[in-house]
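The chain contents come next:
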Amino acid sequence: MGDLDTREQVHPGTAPGEDLVLEIRGDGDFDTADMTLSIGPAHPATHGVLRVILEMDGEKIRDAHPVIGYMHRGFEKLAEARDFRQIMALTNRHDWLSGFSNELGVALAAERLMEFEVPDRAQWIRMLLAEWNRVLNHLMFVGSYAIELGAITPMFYAFREREDIQFLLESATGGRLHFTYNQVGGVKIDLPKGFMKESTDLSAMVRKRLQDYVDLVLGNEIFHARTKGIGPLPPEVALAYGVTGPTLQAAGVPEDSRVTEPYLKYGEIDVRVPTGTNGDSFDRFAVLLGRIEASLDLIDQIHDHMPAGPVNSKLPKIVKAPEGYTYIRTENPLGQLGYYLESDGGKNPWRLKMRTPSFSNVQVLPYLLRGALVPDAVAILGSVFFVVGDVDR
Amino acid sequence: MTYPVLSRAGEALTPAEQEELLRDRLGEGVLETLDANGTFTVTVAPDAWVATTRACKDEPLLAYDMFDCLFGVDRSEAGFDIVAILYSTSRGQRILLRVHCEGGRDKPVCPSLVDLYAGANWMERETWDMFGIEFEGHPGLTPRLLCAENFEGWPLRKDFYLASREAKPWPGVKEPAELDEQGNPIVKIPGPGEAVGPSILDEVMAEQAKIANPHAEVSGGPDATAPPEPAAPEPAAQTTPGPGPSEAADEPEAPDETPGVDFVTPEEREAKDADDAAIASARAELSRIQQAEAREQKAAEQAAAGSDTPTAGPAIPEGQTADLRDEGGLDERDGGDDAQAEAEGDDAGHDAEEDR
Amino acid sequence: MTTVAQTASILTLDNFWLSVGLKIVVVLGLFFVVPLVVGYMEHKVMAHQQDRIGPMEAGPHGTLQLVADGIKFIQKEDIIPSAADRKVFALAPGLALVPAMLIFLVLPLAPSFWVEDLELGLFYALAISSVSVLGILMGGWASANKFSLFGGIRAAAQLIAYELPLILAAAAVALQAESLSLVDIIEAQATMSLLGTDVNMWFVFPQALGFAIFFVAAMAELNRPPFDMPIADSELVFGFMTEYTGIKFAMFLLTEYAGMVSMSALMVVLYLGGWQIAPGVPLPGCDGAGGIFGCDFIGAAIGFGVTMGKIFFLTFLMVWARVTYPRLREDQLQKMSWLVFVPLALLNIAVVAVGKVFA
């Protein structure tokens, strides 16, 4: 190889049996070949089908290229052929751990375009279920992050809580994962009898069990050693990439849609936003646990505020949105989910753009992974919370 | 150290002031602004795209430090628009920047924002992947971000049809709704942006569902008086096999559907909707009367038996669906649901527009 | 140096070949039965600590689960990656397994129940356990898989790093017992008197630090969590064992469980007084040295039970640690070994030496 530092742009294909391209650097008269390691797409550490190609020097990572699109299902195109009732069932599914919050965003966007008045009780019910959905989502990541680091027990405890919460949500909506409970103008049907009491009891129990995670994981010295100082994310970089949610709050930016742009009735209750200091993996996990507790506080407040009344409004036979467009952003468990809804006056949207939190969170991975070791790569991958369906839509 | 979120919320510029500031900086670059539906949009000329974004980012009064997203919108014959959404954490406000891409539909191009916001990288790659819009100055638009590597075509363009049944017809047994009287598959040519399969299929299937499950106990009166709808549809055009003409009360959803013909025109649809509405409201009226009678009767019985019923009361008015459900249990909710559905005959797509 | 006359092992018969046959049978029996029981215990303990119940189907309460697993492994297809080095690939599990089996030769489990009482018993046990590293390294290299290579290299580095604290801790015990023979060490604990008084105690009391170091180093030697970086299944799929299937894989697993048993047995012998029920308490039916030698059948049976109980207690601790702790990163592992354990082990030796001179 010559004297110049030639660096090929490595763009790996996805065909099976592809050649691994080695990148030859000419360092004076010493040629070294770095190893290219591909994590994924099927790998225990990545949540779903995400492929990260690491260029490595021994165990140190020199560069990382995430390859996404394995789960691209064309949601935005499908949404252009669905009316506003069918879209609810569609948007459940891109971030399947936060199905309710996704539907909520679309419903709010459509209601804003149509200038629909949503009854109070419907708004409070939406908030209650959205917060339970948040707890459900965060518990999942608590369990999965711990198991990636080798602690196998918190996963089972997290799922124990998740089962109870899913049972509660099933009693109201009929679904454990995909709720399809929102509709334009409110929620489909009222909460069943006894729901509020169950919800109160469950919130107390989850709060009590939250201590298990603090003791078992957050206070564990080995956990500290594995996550403190790993993958720090400065706030300016995070904002330039559009990172949101626990990842951004751990970087020290208390940017939470429920506080900065209150929707539904979040303006009337006290929303606490836990923030980190360094933006490293430890802070991200601590913020996650803090958000669970904050959501439980919110749930208790919502219990006190829940009014009586109707839960949906009369809809016209065909739900049509007037011409125009709007952009609405809600605080999903993983970050801020934005929906750009443009309508041409018909019953299907002309353009529905889903600005998903995981897409931006995954985009920042190369920045975090550069210079890290391979075991740290797993710690970082797990701490930047994302769901692959959300990344690819 | 906490980032100063909402630290200057009180000093946020109003949309008019922002427009003034941007026009001052960019002059002719700013084409128009729009403040509607809770969003403030500034449409700029393509050569001012980067300058406007830079102004939004760097101007101390604007301070849009967070890059939200960037995507394309298909404008049919007019070409493509790019929309970039920026957010200011210190002021708590958002701006949408819109630009119309040069090059029309054949070779749309747009300058890249990667130097200003790192997050624009993947957003522009995705927009290129979906629409085919080239971004000048982008470090590397290939390989395709979301689609498969060897994919051909730009999926989100309106002239790219959803290929649900177009690429290959369903090889299995066809459902009755997809076959016409002679047993040939119904072929429908979709309009731009329309799906081939589901939406028309839903209507036809809803039609058949209604025929198979007539609400006999309710449709006592109006049936005789209801005129059998946009009329005597030609038997050849009847997409519902079997007991079509005899169920005149259940007006067929798409009686004009002949195999291979386009959608009904909007005017015809309007007329049909109006008639549907008339029928349905008449039916709803009747059911309401019947429900009220049933309730009074039940109340009388239970008063005679001496027990309390929580749901004794007047007929439930429209729109008030939840008051009684609050007290009622699951069983009552189930029982009440049917009653409610009948009472609000034409609402929320329960009956008439079943699966539209 | 044997001190008081101990009864020879009952396995040493007059007929040499009969004796050899019996010893082989005993070793194989112990080797195949006890790890399976430990494995079953691990399933159940892990399950209950994770709020579930574990295997229940195979046999009553799932007792035959590992037998079923063994049969499953035996009937699996043996897949060898095409790029693998066939001979090395095939030899690696055996090279890891046989040393684990050979440790059982020197472990004294009950009065008069040991296969061989070598004069260098402790030295032999520690030396032979180090040979397994070769098998792991061979497995990692021959698999022609980057993840396996990572696992193999990590294992080699880790096992070498933790040999030293292990050996140093054991050396302190040998120092205090004045012998390398495992039977002698047990006898020393039974007859030891503390600082001239009549108080009898096990080595774990004066050498608690050594015990802790030995326990942690043993877990690291066995690739048990929290030291299972070489296996690290969330990063390396299954480390050096990734490409192995069927009986070869089962051999690696058996090595791990047999290692748990043998390391625990070593700890019992070195620190917990062997088959003695409690310090100073003689076994019923024994009239030999320290009240634990020269026993009749009842005494031997009780002694065997006591040893097994202690072994299961220690393996329970290992399983408990597995369930609770996340994984340590490789460099943190190394740091801990070289900067913490080795100095502490040396300190332990120094203290024991001083104590030995003056007491």
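The rules we used
Residues numbered from 1 in each chain as written. Chains lettered and ligands numbered in written order. Predicted model: local features only at pLDDT ≥ 70, side-chain atom pairs only at ≥ 80, totals over all residues. Helix = DSSP H or I, 4+ residues; strand = E, 2+ residues; numbered from the N terminus. Rg over C-alpha atoms; globule rule 2.2 N^0.38 Å. Buried ≥ 20, exposed ≤ 12 C-beta atoms within 10 Å, placed from the backbone. Contact = placed C-beta atoms within 7 Å. Domains from an automatic or database assignment. Nonpolar A, V, L, I, M, F, W, Y, C, P; charged D, E, K, R; others polar. Axes fitted to C-alpha atoms, helices over the stretch in contact; angles between N-to-C directions. Parallel < 35°, antiparallel > 145°, perpendicular 65-115°, else oblique. Left-handed = near helix turned anticlockwise from the far one by under 90°. Pairing = 2+ DSSP bridges. Expected span 1.5 Å × (residues − 1). Core = buried A, V, L, I, M, F, W, Y, C linked by C-beta atoms within 7 Å. pLDDT = per-residue confidence, 0-100.

Per the secondary structure count, chain A includes 15 helices and 10 strands. Compactness check: chain A gives a C-alpha radius of gyration of 22 Å against a globular reference of 21 Å for 393 residues, within 12% of the reference. For chain A, with 393 residues in total, the buried portion stands at 58%.

Residue and element names in this part refer to chain A. A large share of helix α2 (residues 84-91) lies buried, amounting to 6 of its 8 residues. By the burial criterion, the buried members of α2 are Phe84, Gln86, Ile87, Met88, Leu90 and Thr91. Against α1 (75-79), α3 (99-114) and β6 (182-183) lie the buried residues of α2.

What follows deals with the domain arrangement of chain A. Residues and elements named next belong to chain A. Taken domain by domain, chain A comprises domain 1 (1-67) and domain 2 (118-315 + 360-392). With 15 residues of domain 1 in contact, the opposing surface of domain 2 contributes 19 residues. Those elements that place two or more of their residues in the side of domain 1 that touches domain 2 are β4 (51-57) and β5 (60-67). Tallied by class, the residues present in the side of domain 1 that touches domain 2 amount to 8 nonpolar, 4 polar and 3 charged.

Residues and elements named next belong to chain C. The N-to-C vectors of helix α1 (residues 16-49) and helix α10 (residues 297-324) enclose an angle of 45 degrees; their axes lie 10 Å apart at closest approach. As far as their axial angle goes, α10 and α1 are oblique. By crossing handedness, the relation of α1 to α10 is classed as right-handed. Mapping the contact onto sequence places Val38, Met41, Glu42, Val45, Met46 and Gln49 in α1 and Phe312, Thr315, Phe316, Val319 and Val323 in α10. When grouped by side-chain class, the residues that make up the contact of α1 with α10 number 8 nonpolar, 2 polar and 1 charged.

A separate point is the interface of chain C and chain A. Contacts between the two partners involve 21 residues from chain C and, on the opposite side, 22 residues from chain A. Among the secondary structure elements, those contributing two or more residues to the side of chain C that touches chain A are α10 and α11 (330-358) of chain C. Split by residue class, the side of chain C that touches chain A holds 7 nonpolar, 5 polar and 9 charged.

It is worth spelling out the packing of α1(C) against helix α9 (residues 246-271) of chain C at this point. Residues and elements named next belong to chain C. Where α1 contacts α9, the axes come no closer than 9 Å and their chain directions differ by 90 degrees. Classified by the angle between their axes, α1 and α9 sit roughly perpendicular to one another. Only Leu254, Tyr257, Ala258, Met260 and Val261 of α9 make contact with α1, whose side of the interface consists of Phe31, Val34, Pro35, Val38 and Gly39.

Residue and element names in this part refer to chain A. Reading across from one edge, β8-β9-β10 is the order of the 3 strands in this open sheet, with antiparallel pairing throughout. Two strands close off the open sheet at either side, each with one partner strand: β8 (324-332) and β10 (351-355). The sheet shows a mean angle of 10 degrees between the axes of neighbouring strands, taken without regard to direction. In this sheet, β10 lies alongside strand β9 (residues 335-343) in antiparallel orientation, the contact comprising 5 bridges. Looking at β10, one finds that Tyr340 is bridged to Lys353. Lying on the sheet, α3 is in contact with β8 and β9; it crosses β8 at an angle near 150 degrees.

Residue and element names in this part refer to chain C. Considering the arrangement of structural elements, one finds Phe104 in the loop between α3 (86-102) and α4 (121-130). We classify Phe104 as buried; it has 23 C-beta atoms within 10 Å. Once the C-alpha coordinates of Phe104 and Phe31 are considered, the two residues, 73 residues apart in sequence, prove to be 7.5 Å apart.

Let's shift gears to the sheet that holds strand β3 (residues 35-39) of chain A. Residues and elements named next belong to chain A. Read across the open sheet, the 3 strands follow the order β3-β4-β5; overall the sheet is antiparallel. Both edges of this open sheet fall to β3 and β5, since each of them pairs with a single strand only. Between one strand axis and the next, the sheet turns through 20 degrees on average, direction left out of account. Sheet topology note: the β3/β4 ladder contains 5 bridges and is antiparallel. If you follow Thr36 over to β4, its bridge partner there is Glu55.

We now examine the pairing of strand β4 (residues 80-88) of chain B. Residues and elements named next belong to chain B. Taking burial as the measure, the 9 residues of β4 include 9 buried ones, the bulk of the element. Residues Phe80, Ile82, Ala84, Leu86 and Ser88 line one face of β4 and the alternating positions Asp81, Val83, Ile85 and Tyr87 line the opposite face, and both faces are buried. By the bridge criterion, 8 bridges tie strand β3 (residues 66-74) to β4 in an arrangement that is antiparallel. Bridging across to β4, Val73 finds its partner in Asp81. A loop of 5 residues connects β3 with β4, the two strands running antiparallel in sequence, and Ser76 in this loop sits at a positive phi of about 55 degrees. Where β4 and strand β5 (residues 93-100) come together, 8 bridges link them in antiparallel fashion. Residue pairing in the sheet places Ser88 in a bridge with Gln93 of β5. Here β4 folds back onto β5, and the loop between the two strands holds 4 residues, one of which, Gly92, carries a positive phi near 70 degrees.

Peptide bonds are trans in most cases, and residues, glycine excluded, mostly fall at negative phi. Residues and elements named next belong to chain C. A positive phi angle, close to 60 degrees, is found at Glu178, a residue other than glycine. Structurally, the position occupied by Glu178 is in the loop between α6 (146-177) and α7 (182-191). On the neighbour-count criterion, Glu178 (12 C-beta atoms within 10 Å) is exposed. Look at Asn223: it is not a glycine, yet its phi comes out positive at around 60 degrees.

Let us now look at helix α5 (residues 153-173) of chain A. Under the 1.5 Å per step criterion, the end-to-end length of α5(A) is 30 Å for 21 residues, consistent within 8% with the ideal 30 Å. Within α5(A), burial applies to Thr153(A), Pro154(A), Tyr157(A), Ala158(A), Glu161(A), Ile165(A), Leu168(A), Leu169(A), Ala172(A) and Thr173(A). Next to the buried residues of α5(A) lie α4 (120-148) and α6 (195-218) of chain A together with α1 and α10 of chain C. Positive backbone phi, at 90 degrees, marks Gly174(A), one or two positions downstream of α5(A).

With that settled, the discussion passes to the nonpolar core. One recurring pattern in soluble globular proteins: nonpolar side chains tend to sit buried together. With 260 residues, the main nonpolar core has Ala110(A), Leu86(B), Phe214(C), Ala217(C) and Met267(C) as its most contacted residues. Examining the composition of this core, we find that 17 residues originate from one element, α4(A), more than from any other. With residues up to four places along the chain from it excluded, the contact list for Phe214(C) reads Leu166(C), Ala169(C), Ala170(C) and Met267(C).

This paragraph deals with the confidence of the model for chain C. Low pLDDT marks regions whose predicted coordinates should not be analysed in detail. Residues and elements named next belong to chain C. In the predicted model, chain C carries a mean pLDDT of 85, and 93% of its residues have values of at least 70. Looking at the elements of chain C, mean pLDDT is at its lowest for α7, recorded as 85, and at its highest for helix α8 (residues 208-221), recorded as 92. Across residues 1-5 the pLDDT falls below 50, and counting only partners more than four positions away or on other chains, this stretch makes 7 contacts in the model. Both scores are given for the predicted complex: the pTM is 0.75, the ipTM 0.83.

Residues and elements named next belong to chain B. Here strand β1 (residues 30-36) runs beside strand β2 (residues 39-44); their pairing, made up of 6 bridges, is antiparallel. In the strand pairing of β2, Asp35 is matched with Phe40. In sequence, β1 turns back onto β2 through a hairpin of 2 residues, with Asn37 there showing a positive phi of about 55 degrees. The pairing of β2 with β5 spans 4 bridges and is classified as parallel. Its bridge partner lying in β5, Val42 is registered against Leu97.

Residue and element names in this part refer to chain C. Summarising the element assignment, Ala301 is placed in helix α10. Its 16 C-beta neighbours within 10 Å are what place Ala301 among the partly exposed residues. Taking the C-alpha atoms as reference points, Ala301 and His48, separated by 253 residues in sequence, lie 31 Å from one another.

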